[in-house]
Amino acid sequence: MDKHETTVLLVDDEPNILIALEFLIQKEGYRVLKAQQGAEALQLMQLHQPEIVVLDVMMPEMDGFEVARKIRSNEAFDKTRIIFLSAKGTQKDRLNGYANGGEIYLTKPFDNQEVLNTINEVVEFGLFE
Amino acid sequence: MKPGIVIFISFTYVALLFLIAYYAEKRAKSNKSLVNNSFIYALSMGVYCTAWTYYGSVGRAATTGLGFLPVYIGPAIIAPLWWLVMRKIIYISKNQRITSIADFISSRFGKSTWLGVIATLVAVLGIIPYISIQLKAITTSFELLTGRDDLSVPFYMDSALYIAIALAIFSIFFGTRNLDPNERHEGLVAAVAFESLFKLAAFVIVGIFVTFGLFSGFGDLFQKAQEHPEITRLFTLETSGITSWDWFWLSLLSMSAIMLLPRQFHVGVVENTNPDHVGTASWLFPLYLVVINIFVIPIAIAGLLYLPNMESDHYVLSLPLYNHQNGLALFAALGGFSAATSMVIISVLALSIMIGNNLVLPILLRSNVLEDTVRYNMSGRLLGIRRVSIVVVLLLAYAYFRGVGNQYSLVSVGLISFTAIAQFAPAVFGGLYWKRATKKGALAGLLVGFGIWAYTLPLPTLAEAGLISDTFTKSGLFHLELLKPDALFGLNTGSPITQAAFWSLLLNTMLFVVVSLNTSQSPLEASQADIFVNIYKYRTPGAEYEVVRRQAKVKDIIMLMNRFLGQQRAHLLLRYFEQSKHFDLSKQQIANADLINYAETHLAGSIGAASAKLIISSIAKDDPISLEEMFKILEQTKEMVEYSQALEIKSDELEKTTQQLQKANEQLKELDRLKADFITTVTHELRTPITSIKAFAAILQQNEGISETQKKEFLQIVVHESERITRLINQVLDLEKLGAQASKGIRYPFDLNEVCKNAFQGLKQLMEDRGVTAQLNLPDNILQVEGNPDQITQVIVNLLSNAIKFSDEKAGAVHLCLSKEGKNAQIEVSDNGKGIPEKDQQFIFEKFTQLSDKIMGKPKGSGLGLFISKAIVEQHHGHIQVISKAGEGATFLVTLPLESPQE
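The paragraphs below set out a description of the structure included in this document. (Residues numbered from 1 in each chain as written. Chains lettered and ligands numbered in written order. Predicted model: local features only at pLDDT ≥ 70, side-chain atom pairs only at ≥ 80, totals over all residues. Heavy atoms only, no water.)

**A word on the overall build of chain B**
Reasoning step 1: Along the backbone of chain B there are 39 helices and 10 strands.
Reasoning step 2: Counting over 903 residues, chain B shows a buried share of 55%.
Reasoning step 3: Residue pairs at least 24 apart in sequence account for 79% of intrachain contacts in chain B once pairs closer than 6 positions are excluded.
Reasoning step 4: Total accessible area computed for chain B in this model is approximately 40,500 Å², and 60% of it derives from carbon and sulfur atoms. (Helix = DSSP H or I, 4+ residues; strand = E, 2+ residues; numbered from the N terminus. Buried < 20%, exposed > 50% of the residue type's maximum accessible area, 1.4 Å probe, protein only. Contact = heavy atoms within 4.5 Å. Areas by Shrake-Rupley, 256 points an atom, 1.4 Å probe, with all protein chains shown as cover.)

The following block contains the structure:
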């Protein structure tokens, strides 16, 4: 799959983190969408059907797990891959992430290259099929 | 005869008694006892024959013929049985150190104090009239000898009074010189034995004089009597005017009297030195009775023949006098005197022991006078009580004699006493053979029997003497015919004595049996019952206490023994105990059961079983362990209910405690959870800026070709996020400091106006930078509050910063106003921003609450500011609240209590 045809949706309530991630992922060649809230993220999902969602967990109003469940409840997004990127990093949090429909669980503070590699791997190794 | 001679001879006789008693005591001290002899024992039993026998038998024989006999037939019938009954009583009494008949009854029924008291009262009230007739006999004999009427002279010239006083002195001297643990008075017994011989000799000599002096033998005498049918009529059973019903009851009364009269119990049981002496007594004593009665009928006949107009009670004296045998008359009078004195001496002694041990001492012991006993020598006190009792009893007897007794014959008063004493019979003989007999049974029987006795016998005599109203004797109590004392319940056959004996003994026995069957025994009662009924099992003294285990301090035991037995004897007894039991008292703290029982038995010898039990129980802890008691406790459902209620209370308490523990545990868990939450939140709050910093730092490091603008922007973010971390760390530290300060409590009064001004000034630059208009209002007066000004400054700065942050972006305005509201200072901080929605207002003071961006924009705080502010304000006993409506700005109100003016 071509990176340029791949859209990544970034969801985080911290604007500065969104800026950092946007810079990194755009530079790698993906199309990037940003949302600061769960509801906003779901709207963008409907509009752009992104292939990958990088999702924060602790957010006001609607947390990352809920956003993930809502995505998973829609068949249209079956091929969407969800990467959690959370400050919560216990084993329990990870299991919670997988249980709520995430494919990959990364923790903050993240390593820039690790995030990029993960996204690249998801795209390259056809995790979409 | 001149009164002086009579009085002189009488006092000489008393002096002789003193000598005999003194000699016997001296012998006893050097272990050559005179009294330890079965003949002396049998003779001392002769105290049964009083002036009543000496003068009264003749009198009774002269009026009712054979009617004088039953009171001697009864004892003669029962005497062979003494080997069984009397010996058993003696064994029990030696084993239990019993000091009197009242003590015996009390001891049998669980050492009951009450029974002891009642029995003592019965004995005292029953015996006083009896003593009074002895005084009467002495007085009468004096009157006859001197021809003077002593009753018409004032009491202080009455020789009977002085006789009574002399007898009191004698009794006190030989009866209460010291406290004997076995309550033995060898001097007295020897004197009494001598008197028995003396009165027998005197009576027999008078009889011989009459039979062989006035007549020429029995044949002549009866032949002369034949000439007078009214005389011979008296001496045939059918015509003697006394029915077999009377005979039966009189015999029965005297059977019990021979053993239960206080003086008989005293000489027969308490003074007994060897139980086997009973064997001799059981044939010798009836023989004595036969001898002393041989000449009763001859003297009576002679009297009737010679002196038909004289008082028949006086024949023994008046016959020699009439025949001008003054020497013989004096001898006869001394015989009567000896009969009377022996009775009086032993009776008052026995009564005084009862009064002391079973009446006064228990009362003293129970009425907290026990503390006094530490100061007083108790054994001396006991002797004092006895001496006073002796005097009081004799004076009462004298008073009765002067007031009432004078009007009655010797025999009738004696029989009244017999009937009173017979009331002991069911309790004593029942208690001796029937284990089931209970204290309540004995009490009920004794009280009712004694009540009937008092109502039917002595009360009517008092009424006749005019001392009380006599309506109840004439028409019955409450005017009920059935309650007439001389025909109680409609029964009017036989003499008043017979009727009273019948009803009192019948109801006494019935109640004793029925109440016993329907009541239960205490463990002590049961163990005493077993000892009394099965005495031969318990021949070693002290073996009875296997059912009750007790503990006491050795020094308490020694103290008690010193106090009640006297230092010297206590010392001897304790040394004996040490040697025989191989027990070193100086090395032991706690007295064993042996020592306690040893002390109690010896104390019982001095002060009676009930008192000894009381005293010992005052220092010993009873530890009842009998099965019977355990069952009793189990039976007592009331206690069980109480016990289960107590358990319930206990379990309630436990439940409460458990609940409290659970609550505490919950609180701890909650605290733990809060702490975990706090740490998670803090780490998350820390991670967020670090994530940004790390990400941008890496971008800047790895991407050299980024534009300058972007570089600048990214660096700005890094700086900003670093500040955020710093702020957060500071606030966490503040939170920590808050707790520490709260516990230290640094507080002092400060000027709130100054604090507000400083905080406002500190933020002026920031407000200008933001283009926010600011206004400060301070009151004219200085408002003082107590606390920490730095913390209050922190609160105001925090609120002002928030206000600046959230004020309208274009035309921001903040307002700080300090004012006085009643007793409080009020700080008002307001802005003109978007306001806080009502649903969020309750959360804003909680930790890490940040309102959503959408309304407020992303806040630039740690989320701890308001939480810390609230904590500070509350530590200052103040209050913080927010007033706001969405779109209309927010106002934070802080109220702090003003410092009260110094006084």
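That was the structure; now back to the text.
**Let's talk about the interface of chain A and chain B**
Reasoning step 1: The interface is formed by 19 residues belonging to chain A together with 23 residues belonging to chain B.
Reasoning step 2: Summed over the three residues of chain A that lose the most area to chain B, namely Asn16, Phe23 and Pro109 of chain A, the buried surface amounts to 27% of that side.
Reasoning step 3: In this structure, the connection of chain A to chain B is made through one salt bridge.
Reasoning step 4: Of the charged contacts, one joins Arg724 of chain B and Glu14 of chain A as a salt bridge, the two residues approaching to 2.8 Å between their closest N and O atoms.
Reasoning step 5: For the pair chain A and chain B, the number of links is six residue pairs in polar contact (both at pLDDT 80 or more).
Reasoning step 6: In terms of residue count, the dominant contributor to the side of chain A that touches chain B is helix H1 (residues 15-28) of chain A (seven residues).
Reasoning step 7: Along the lines of polarity and charge, the residues of the side of chain A that touches chain B split into nine nonpolar, four polar and six charged. (Buried area = accessible area lost by both parts, 1.4 Å probe. Salt bridge = Lys/Arg side-chain N within 4 Å of Asp/Glu carboxyl O. Polar contact = N/O pair within 3.5 Å; in protein donor to acceptor, adjacent residues only side chain to side chain. Nonpolar A, V, L, I, M, F, W, Y, C, P; charged D, E, K, R; others polar.)

**Let's talk about the pairing of strand S2 (residues 31-35) of chain A**
Consecutive residues of a regular strand have side chains that alternate between opposite faces of the sheet.
Residues and elements named next belong to chain A.
Reasoning step 1: Direction of pairing for strand S1 (residues 7-11) relative to S2: parallel, over a ladder of five bridges. By the bridge assignment for S2, Val8 is matched with Val32.
Reasoning step 2: Regarding topology, H1 serves as the crossover connection from S1 to the parallel S2, and that connection is right-handed. (Pairing = 2+ DSSP bridges. Right-handed = clockwise from strand over helix to strand, strands pointing away.)

**Some remarks on the pattern of salt bridges**
Residue and element names in this part refer to chain A.
Reasoning step 1: Taken as a whole, this structure holds 14 salt bridges over all chains when the rule is applied.
Reasoning step 2: With a closest N to O distance of 3.0 Å, Glu103 and Arg72 form a salt bridge. Of this pair, Glu103 sits in the loop between helix H4 (91-99) and strand S5 (104-107) while Arg72 sits in helix H3 (residues 64-72), placing them 31 residues apart in sequence.
Reasoning step 3: Classification of Glu103 as partly exposed rests on a relative accessible area of 33%.
Reasoning step 4: Residue Arg72 is classed as partly exposed on the basis of its relative accessible area of 27%.

**Some remarks on the sheet that holds strand S4 (residues 81-86) of chain A**
All names here are of chain A.
Reasoning step 1: Taken in spatial order, the five strands of this open sheet run S2-S1-S3-S4-S5, and their pairing is parallel. Of all strands in the sheet, those with a lone pairing partner are S2 and S5, marking the two edges. Strand-to-strand twist across the sheet, computed as the mean angle between neighbouring axes with direction ignored, equals 20 degrees.
Reasoning step 2: Alignment of S1 against strand S3 (residues 52-55), held across four bridges, turns out to be parallel. Bridge pairing links Leu9 to Val53 in S3.
Reasoning step 3: The strands touched by helix H2 (residues 38-48) are S1, S2 and S3; relative to S2, the strand with the most contacts, the crossing angle is about 150 degrees. (Axes fitted to C-alpha atoms, helices over the stretch in contact; angles between N-to-C directions.)

**As for the sheet that holds strand S10 (residues 890-897) of chain B**
Residue and element names in this part refer to chain B.
Reasoning step 1: In spatial order, the strands read S5-S7-S8-S10-S9; together these five strands make up an open sheet with mixed pairing. In the strand order of this sheet, the two ends are held by strand S5 (773-777) and strand S9 (879-884), each with one partner. Going across the sheet, the axis of each strand differs from the next one's by a mean of 15 degrees, ignoring polarity.
Reasoning step 2: Pairing analysis gives six bridges linking S9 to S10, with the strands arranged antiparallel. Counted as the bridge partner of Val882 is Phe892 from S10.

**Details of unusual backbone geometry**
Residues and elements named next belong to chain A.
Reasoning step 1: The omega angle of the peptide bond from Lys108 to Pro109 is -10 degrees, so this bond is cis rather than trans.
Reasoning step 2: Following the sequence through the fold, Pro109 ends up in the loop between S5 and helix H5 (112-124).
Reasoning step 3: Of note, Gln49 is a non-glycine position whose phi angle comes to about 35 degrees, a positive value.
Reasoning step 4: Looking at the secondary structure, you find Gln49 in the loop between H2 and S3.
Reasoning step 5: Despite not being glycine, Glu61 has its phi angle at roughly 70 degrees, a positive value.
Reasoning step 6: Looking at the element boundaries, Glu61 is found in the loop between S3 and H3.

**Structural notes on the pairing of strand S7 (residues 813-821) of chain B**
Residues and elements named next belong to chain B.
Reasoning step 1: Bridge count for S5 against S7 is five bridges, and the pairing is parallel. Within S7, the residue paired with Thr773 across the bridge is Ala813.
Reasoning step 2: Pairing of S7 with strand S8 (residues 824-831), which is carried by eight bridges, proceeds in the antiparallel orientation. Looking at S8, one finds that Leu818 is bridged to Ile827.
Reasoning step 3: Where S7 folds back on S8, the antiparallel hairpin that results is connected by two residues, among which Gly822 adopts a positive phi of roughly 65 degrees.

**Observations regarding the environment of Gln26 of chain A**
Reasoning step 1: On the secondary structure map, Gln26 of chain A appears in helix H1.
Reasoning step 2: It is 9.5 Å that separates the C-alpha atoms of Gln26 of chain A and His4 of chain A, two residues lying 22 residues apart in sequence.

**As for a nonpolar patch on the surface**
Residues and elements named next belong to chain B.
Reasoning step 1: Together, Ile208, Phe212, Phe218, Phe222, Val290 and Ile294 line one region of the surface with nonpolar side chains, adding up to about 520 Å² of accessible area.
Reasoning step 2: Counting residues per element, the ones that place at least two in the nonpolar patch are helix H9 (186-214), helix H10 (218-226) and helix H14 (277-294).
Reasoning step 3: Mapping Ile294 onto the fold places it in helix H14.
Reasoning step 4: Owing to a relative accessible area of 42%, Ile294 belongs among the partly exposed residues under this scheme. (Patch = residues over 30% accessible without salt bridge, like charges linked within 9 Å, V, L, I, M, F, W, Y side chains within 5 Å.)

**Quick look at H10 of chain B**
Residue and element names in this part refer to chain B.
Reasoning step 1: Where H10 is concerned, the buried positions are Asp220, Leu221 and Ala225. Looking straight down H10, one finds that the buried residues subtend no more than 135 degrees of arc, so they occupy a single side. Residues of H10 that are exposed and point over 90 degrees away from its buried face: Gly219, Gln223 and Gln226.
Reasoning step 2: Looking at the buried positions of H10, the neighbouring elements they touch are H9, helix H11 (229-232) and helix H15 (296-306). (Arc of directions from axis to C-beta.)

**Digging into the packing of H15 of chain B against helix H16 (residues 315-322) of chain B**
Residue and element names in this part refer to chain B.
Reasoning step 1: H16 packs onto H15 with a crossing angle of 55 degrees between their chain directions and a minimal axis gap of 10 Å. Overall, the two elements H15 and H16 adopt an arrangement that is oblique. In this structure, the crossing between H15 and H16 has a hand that is left-handed. In this structure, H15 uses Ile299, Ala300, Ala302, Gly303, Leu304 and Tyr306 to contact H16, whose residues at the interface are Tyr315, Val316, Leu319 and Tyr322. (Parallel < 35°, antiparallel > 145°, perpendicular 65-115°, else oblique. Left-handed = near helix turned anticlockwise from the far one by under 90°.)

**Examining the packing of H1 of chain A against H5 of chain A**
Residue and element names in this part refer to chain A.
Reasoning step 1: Close contact between H1 and H5 brings their axes to 11 Å; oriented N to C, the two are set at 45 degrees. Taken together, the axis directions place H1 and H5 in an arrangement best described as oblique. Both H1 and H5 take part in a crossing whose hand is right-handed. Contacts between H1 and H5 involve Leu21, Leu24, Ile25 and Glu28 on the former and, on the latter, Asn112, Val115, Leu116, Ile119 and Asn120.

**Focus: the packing of aromatic side chains**
All names here are of chain B.
Reasoning step 1: In the structure shown here, the tally under the stated rule is 33 aromatic pairs over all chains.
Reasoning step 2: Following the ring pairs from residue to residue traces out a cluster consisting of Tyr13, Phe142, Phe194, Phe198, Phe331 and Phe337.
Reasoning step 3: Sitting above the plane of the Trp83 ring, Arg87 keeps its charged end 3.9 Å from the centroid. (Phe/Tyr/Trp six-rings, centres within 6.5 Å; stacked < 30°, edge-to-face > 60°. Lys NZ or Arg CZ within 6 Å of the ring centre and 35° of its normal.)

The analysis is restricted to geometry; functional conclusions fall outside its scope.
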